[in-house]
Amino acid sequence: LTFDDGPRQNTTNVILDILKEENVKATFFVTNNGPDDLILREFNEGHTIALHTASHDYATIYSSVDNYFNDLYSVQNRVKNITGYETKIIRFPGGSSNTISRRYSNGIMSLLTKEVLNRNFRYYDWNISSGDAEPGSHTSDEIYNNVISKLSHDKINMVLLHDIKPYTRDALKRIIEYGKSNNYTFEAIKNDTDMITQKVNN
């Protein structure tokens, strides 16, 4: 289970309550938004704190390599200031396969996917999307079904969720219960976890 775009009060804290109750570890790809104490709680409760973006402003971060890394180092510094830990696990806004970056710099994802590795970061995309960030209104049933319908015992299931979404919060417990009852295990991403990456399209 991986959560992007948080933390956010009233969703992330409830998600942490559920994870604690279910004894499940997850990965949080955080931003510069939300309260520091939720990032500290994620860290203290044994979840992996990873880096998503400081701003989530595509026009800025994908306009140049320097702008991308300025944004990344900003959120990395935030996490280090809160937790004392310098994390090198990242997820690109929109994923490494995003095409929105073409609007701002042709070929930048081809450069960034190589340069983050050169700088000893490891990037993780996903192979299951909950659909919780797609436009339009959603229900917790929809998010639940989107996830469980794509699970497979033949792969590592890297599930994309967003801890800022109330319907994701409301679907989480059932997703975990389904996983447990169908012999899936839950682990946080670690530095030696195989990278799950998508095809770069820019």
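This text goes with the structure placed above it.
Numbering of residues starts from 1 in every chain and runs along the sequence as written. Local features in a predicted model are, by the rule used here, given only for residues with pLDDT of at least 70; side-chain atom pairs are given and counted only at 80 or more, and totals for whole chains, interfaces and linings are based on all residues. In computing side-chain properties, one takes all heavy atoms of the structure into account and sets aside hydrogens as well as water.

1. What to know about the environment of histidine 52
Convention followed: Helical segments are the DSSP runs of H or I of at least four residues, strand segments are the runs of E of at least two, and each set is numbered from the N terminus. Relative accessibility under 20% of the residue-type maximum defines a buried residue, over 50% an exposed one, and the middle range a partly exposed one, all with a 1.4 Å probe and only protein chains included. It only takes one pair of heavy atoms within 4.5 Å for two residues to be counted as in contact. Under this definition, polar contacts are N or O atom pairs within 3.5 Å; protein pairs additionally need one hydrogen-donor-capable and one acceptor-capable atom, and for neighbouring residues in sequence, both atoms have to be side-chain atoms.
Within the fold, histidine 52 resides in the loop between β3 (48–51) and α3 (58–61). For histidine 52, a relative accessible area of 3% gives the class buried. Ignoring anything within four residues of it in the chain, the contact list for histidine 52 reads Asp4, Asp5, Phe29, Val30, Thr31, Arg91, Phe92 and Pro93. A polar side-chain atom of histidine 52 sits 3.2 Å from a polar atom in the side chain of histidine 56. Polar contacts involving the side chain of histidine 52 include one to the main-chain carbonyl oxygen of arginine 91, which spans 3.0 Å.

2. Overview of the nonpolar core
Keep this limit in mind: Grouping buried Ala, Val, Leu, Ile, Met, Phe, Trp, Tyr and Cys residues that are joined through side-chain atoms within 4.5 Å yields what is termed a nonpolar core.
Core analysis: the largest hydrophobic core is formed by 45 residues, its most contacted members being Leu1, Phe3, Leu19, Tyr68, Ile90 and Phe92. At six residues, the largest contribution of residues to this core is made by helix α4 (residues 65–83). With residues near it in sequence (within four places) discarded, leucine 19 still touches Leu1, Phe3, Val24, Ala26, Phe28, His47, Leu172 and Ile176. In terms of nonpolar packing, the next biggest core, distinct from the first, is built from nine residues, Phe29, Met158, Leu160 and Ile196 among them.

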